[in-house]
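As a plain string of letters, each chain reads:
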Amino acid sequence: MIEDIQFSIVRIYKLRENKNDEIEIVGAGFLVSEEYIITCAHVVNQSIGENVTSTKKPTEIIECDFPRIASGTSLETTVEVWHPVKFNSNDPQDIAVLKLKNKDLKPPKAQPSRLISHQNIRIDGHQFEAFGFPNDLGIWADGEIKKGIAYNQIQIEGKTVTGERLQAGFSGTAIWDKELQGVVGIAAIEHDNPEAKIAFFIPVYMLLRAFPELLDTPTIKING
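Residues numbered from 1 in each chain as written. Predicted model: local features only at pLDDT ≥ 70, side-chain atom pairs only at ≥ 80, totals over all residues. Heavy atoms only, no water.

Asks: Explain the overall build of the protein to me, and be specific about the residues and the numbers.
Replies: Across its full length, the protein holds 4 helices and 14 strands. If you line up the protein on its principal axes, its C-alpha atoms span 45 × 40 × 35 Å. Residues counted as buried form 54% of the 224 residues belonging to the protein. The long-range share in the protein, meaning contacts at least 24 apart out of those at least 6 apart in sequence, stands at 62%. Counting only carbon and sulfur atoms, one obtains 47% of the accessible surface of the protein, whose full area is about 10,400 Å². Here the protein contributes 23 positive and 31 negative side-chain charges, whose respective centroids are spaced 3 Å apart. (Helix = DSSP H or I, 4+ residues; strand = E, 2+ residues; numbered from the N terminus. Buried < 20%, exposed > 50% of the residue type's maximum accessible area, 1.4 Å probe, protein only. Contact = heavy atoms within 4.5 Å. Areas by Shrake-Rupley, 256 points an atom, 1.4 Å probe, with all protein chains shown as cover. Lys, Arg positive; Asp, Glu negative; His and termini not counted. Charge placed at Lys NZ, Arg CZ, Asp CG, Glu CD.)

Asks: For the sheet that holds strand 6 (residues 95-100), give the residues involved together with the corresponding values.
Replies: Sheets are built from strands that pair by backbone hydrogen bonding, the pairs being arranged parallel or antiparallel. The 6 strands are arranged 1-2-3-6-5-4 in a closed barrel whose pairing can be described as antiparallel. Between one strand axis and the next, the sheet turns through 40° on average, direction left out of account. Sheet topology places strand 2 (residues 25-31) next to strand 3 (residues 36-39); 3 bridges connect them, and they run antiparallel. Paired with G29 across the bridge in strand 3 is T39. (Pairing = 2+ DSSP bridges. Axes fitted to C-alpha atoms, helices over the stretch in contact; angles between N-to-C directions.)

Asks: Now, about the pattern of salt bridges: what can you tell me, with residues and values included?
Replies: Going through the model one piece at a time under the given rule, you end up with 11 salt bridges. With a shortest N-O distance of 3.6 Å, K101 and E76 are connected by a salt bridge. Of this pair, K101 sits in the loop between strand 6 and strand 7 (115-117) while E76 is found in strand 5 (residues 75-83), placing the two residues 25 residues apart along the sequence. For E76, a relative accessible area of 31% corresponds to the partly exposed category. Several salt bridges converge on common partners, so that one network encompasses R16, K19, E63, E76 and K101. (Salt bridge = Lys/Arg side-chain N within 4 Å of Asp/Glu carboxyl O.)

Asks: I'd like a description of the packing of aromatic side chains, backed by residues and values.
Replies: On inspection of all chains with the given rule, the structure shows 3 aromatic pairs. Between F131 and F133, the ring centres sit 5.4 Å apart and the planes meet at 85°, which makes this aromatic pair edge-to-face. Accessibility expressed as a relative area gives 3% for F133, which makes it buried. Ring plane angle 50° and centroid distance 4.9 Å describe the contact between F131 and W140, whose orientation is recorded as tilted. Judged by relative accessible area, which is 5%, F131 ranks as buried. Three or more aromatic residues link up through ring pairs in this structure, and these residues are F131, F133 and W140. Note that R68 overlies the ring of F131, its terminal NZ or CZ placed 5.6 Å from the centroid. (Phe/Tyr/Trp six-rings, centres within 6.5 Å; stacked < 30°, edge-to-face > 60°. Lys NZ or Arg CZ within 6 Å of the ring centre and 35° of its normal.)

Asks: Pulling in residues and values, what's your account of the side chain of R11?
Replies: Mapped onto the elements of the fold, R11 is located in strand 1 (residues 9-13). For R11, a relative accessible area of 6% corresponds to the buried category. At 2.6 Å, the side chain of R11 forms a polar contact with the side chain of D65. (Polar contact = N/O pair within 3.5 Å; in protein donor to acceptor, adjacent residues only side chain to side chain.)

Asks: Give a description of a negative patch on the surface that names residues and reports values.
Replies: The grouping of E17, D21, E22, E24 and D136 at the surface amounts to a negative patch. As for its placement among the helices and strands, D21 is situated in the loop between strand 1 and strand 2. Classification of D21 as partly exposed rests on a relative accessible area of 31%. (Patch = residues over 30% accessible without salt bridge, like charges linked within 9 Å, V, L, I, M, F, W, Y side chains within 5 Å.)

Asks: Any chance you could break down the pairing of strand 9 (residues 139-149) for me, citing the residues and the numbers?
Replies: Bridge analysis of strand 8 (residues 127-132) against strand 9 gives 6 bridges, and the strand direction is antiparallel. From the neighbouring strand, E129 faces strand 9, where its bridge partner is D142. Between the end of strand 8 and the start of strand 9, which pair antiparallel, lie 6 residues, with G138 showing a positive phi angle near 95°.

Asks: Now, about the environment of R122: what can you tell me, with residues and values included?
Replies: Among the secondary structure elements, R122 is positioned in the loop between strand 7 and strand 8. The spacing of R122 and K147 is 25 residues in sequence and 8.6 Å in space, taken between C-alpha atoms. Of note is the side chain of R122, whose polar atom sits 2.6 Å from the side chain of D124.

Take it as geometry only, folks, not as evidence of what the structure does.
What follows is the structure, given as structure tokens:
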């Protein structure tokens, strides 16, 4: 059910000097286990004010919250797994796994998303939904999953004239496949032509390569 991602999505904060400073959102992520959150490496770099292609593993505390459950209640995470942006590579890239410093402090309603690894089945033509943060409140986007492109990414496209496209602020969020009823990847980059309503996501099977511990979570399903 789509409620799965509503209760797993987090907002990633820009680094604050003091807890009372205003919150600025740089992107999204989502809970994949009791203590781990997945997002894009470039979102983490944006959080700490680094270049989005920086390869250095961050040591800073990354703040986030669950906006659909406890907006503004900050949680602290550290970077557990780091696969920075690479160019022209088939290796796992632009993936960061954040570990909650105290998983017992997360909201009681927070729950991991159901992940689906679909490497051996076709999902092109399926409809998707995603929740991201081009503004602080968040907004839904939907459309159609297209085919894979180079370097293990998959194209998605908004299908309506008036609907939202995946844009800055959606990076790191879950791509929910309406037909399979689960998350098939994370939003990574938008097309450089905003009129095209095209974006790209990193599939779950690449997340498994980056973080094999996901195989031990009860929310993972292997298709094919």
